[in-house]
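In case you want the letters, here they are:
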Amino acid sequence: LLGCGDAIRDTLVVDCTSGEPARTAALGERLRERGARLVDSPVSGGPAGAEAATLTSMMGGADADVADARAVVGCWSKKTVHCGALGSGDAVKSVNNVLNTAHVLLATEAALVLQKYGVDAATALDVINSSSGASLQTQRLPEHVLSRDFGFGFKMGLMRKDCAIADALVADLAPTHTLIPEATRLIRAAEEQLGSDADYTAVARLLEARCGEELR
C-alpha cells in the first residue's frame, strides 16, 4: 500500500490481522501522510465463528474511521467494539489470546493433578464446568485434549506470536506482572517442542510430558 502513491488516497484500510500496537499506529501515520486511513480490527471466535459470521471484532482507530469500517466488518462479525486509538484492537486481541492460552494451561494442570489423585479427568471437568471454576477452555478440554484431537484450528505459531505481543506490552507497561510472561514462556516452549503448525491446544502436551501423565 505504501508504495502505491496517490492511488491509495481516500482509501480506508481495515487490517484484520493481529499485529503489534505500536507498529500499527506507526503504519497508520504513514498512511495518513498519503491521504489514507487505517483501522485495526483483529477478530476472535475461531474457525466456527468465521464460518457463521459470529466473530467479535476489536477495533482501533479514529471515531469516524471505525464508524465507516463497521459497515464492512459487520459482514463477518456479530459484535464490533471500538477499543480506542489505532493499535488498541491489536492490544486487546493479544491479551485475549494470552488469556486463552493461560486458561488452557491452567485447565490442563488442574485436570492432571485430579487425574493423578484418582479422579477421572472427564468427570472432574464435568463438575468444574457447572461450578465457579469453569471457563471456555475447561469446556473445550474434553473435545480437544482428552480426545487427543488437538484440533481447535489455530496454529501454535500464531498463538505464540499473539502471546509475545501481550508479553511485550507487559514488559513495557506492567513489568511486575508474572502470569502473562509465564504463559508466554510455556507456549514458546511448546512451539519449540511441537512445531509452529501444531494446534495451539497441544500446549497441553508440554505439561503432560513434564508431569509424566497423559490426560485421557
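What comes next is a walk through the structure.

Scoring rules and cut-offs
- Residues numbered from 1 in each chain as written.
- Predicted model: local features only at pLDDT ≥ 70, side-chain atom pairs only at ≥ 80, totals over all residues.
- Heavy atoms only, no water.
- 1 Å grid on protein atoms, 1.4 Å probe; cavity = no way out; pocket = protein on both sides within 12 Å on 5 of 7 lines; lining within 4 Å.
- Points joined across faces, edges and corners; volume = space filled by probe spheres on them.
- Helix = DSSP H or I, 4+ residues; strand = E, 2+ residues; numbered from the N terminus.
- Nonpolar A, V, L, I, M, F, W, Y, C, P; charged D, E, K, R; others polar.
- Salt bridge = Lys/Arg side-chain N within 4 Å of Asp/Glu carboxyl O.
- Buried < 20%, exposed > 50% of the residue type's maximum accessible area, 1.4 Å probe, protein only.
- Core = buried A, V, L, I, M, F, W, Y, C linked by side-chain atoms within 4.5 Å.
- Phe/Tyr/Trp six-rings, centres within 6.5 Å; stacked < 30°, edge-to-face > 60°.
- Contact = heavy atoms within 4.5 Å.

### A few points about the layout of surface pockets
Inference 1: Size it by volume and the largest pocket reaches roughly 660 Å³.
Inference 2: Lining the largest pocket are 31 residues, with Ser44, Gly45, Gly46, Asn100 and Phe152 positioned closest to its centre.
Inference 3: Taken together, the elements giving at least two residues each to the lining of the largest pocket come down to strand 3 (43–44), helix 2 (46–52), helix 4 (88–117), helix 6 (136–146) and helix 7 (156–173).
Inference 4: What the second largest pocket holds in volume is close to 280 Å³.
Inference 5: The wall of the second largest pocket is formed by 13 residues, among which Ala102, Leu105, Leu106, Leu179 and Ala183 lie closest to the centre.
Inference 6: Of all the secondary structure elements, the ones that give two or more residues to the lining of the second largest pocket are helix 4 and helix 8 (179–194).
Inference 7: It is helix 4 that provides the largest number of residues to the lining of the second largest pocket, a total of seven residues.
Inference 8: Broken down by class, the residue content of the lining of the second largest pocket amounts to ten nonpolar, one polar and two charged.

### Considering the pattern of salt bridges
Pairing between side chains of opposite charge can happen when their charged atoms approach one another.
Inference 1: What the rule picks out here adds up to 13 salt bridges.
Inference 2: Taking the shortest distance from any N to any O, the salt bridge between Arg32 and Glu29 comes out at 2.7 Å. Separated by three residues within a single helix, Arg32 and Glu29 lie in helix 1 (residues 21–33), roughly one turn from each other.
Inference 3: The partly exposed category is assigned to Arg32, whose relative accessible area is 47%.
Inference 4: Among the salt bridges present, the one from Lys155 reaches Asp197, with a minimum N-O distance of 3.4 Å. Separated by 42 residues along the polypeptide, Lys155 in the loop between helix 6 and helix 7 and Asp197 in the loop between helix 8 and helix 9 (203–211) bring together distant segments of the chain.

### Comments concerning the nonpolar core
Inference 1: Ranked by size, the top nonpolar core spans 31 residues in total, and within it Leu141, Met156, Val203 and Leu215 carry the most contacts.
Inference 2: Ranked by size, the runner-up nonpolar core spans six residues in total, among them Ile8, Val13, Leu31 and Ala36.

### Section: the packing of aromatic side chains
Inference 1: Counted under the stated rule, the structure contains two aromatic pairs.
Inference 2: Judged by centre distance (5.6 Å) and plane angle (90°), the rings of Phe152 and Tyr200 are edge-to-face. Of the two residues, Phe152 is situated in the loop between helix 6 and helix 7 and Tyr200 in the loop between helix 8 and helix 9; the sequence distance between them amounts to 48 residues.
Inference 3: We classify Tyr200 as buried; its relative accessible area is 1%.
Inference 4: With a centroid separation of 6.4 Å and 80° between ring planes, the pair formed by Phe154 and Tyr200 is classed as edge-to-face. Pair noted here: Phe154 is in the loop between helix 6 and helix 7 and Tyr200 is in the loop between helix 8 and helix 9, with a separation of 46 residues, a long-range link.
Inference 5: Looking at Phe154, the relative accessible area reads 22%, which means it is partly exposed.
Inference 6: One aromatic cluster in this structure is built from Phe152, Phe154 and Tyr200.

### Concerning the side chain of Glu208
Inference 1: Tracing the chain through its elements places Glu208 in helix 9.
Inference 2: If sequence neighbours within four positions are ignored, Glu208 has contacts with Leu112, Val145, Arg148, Glu213, Glu214 and Leu215.

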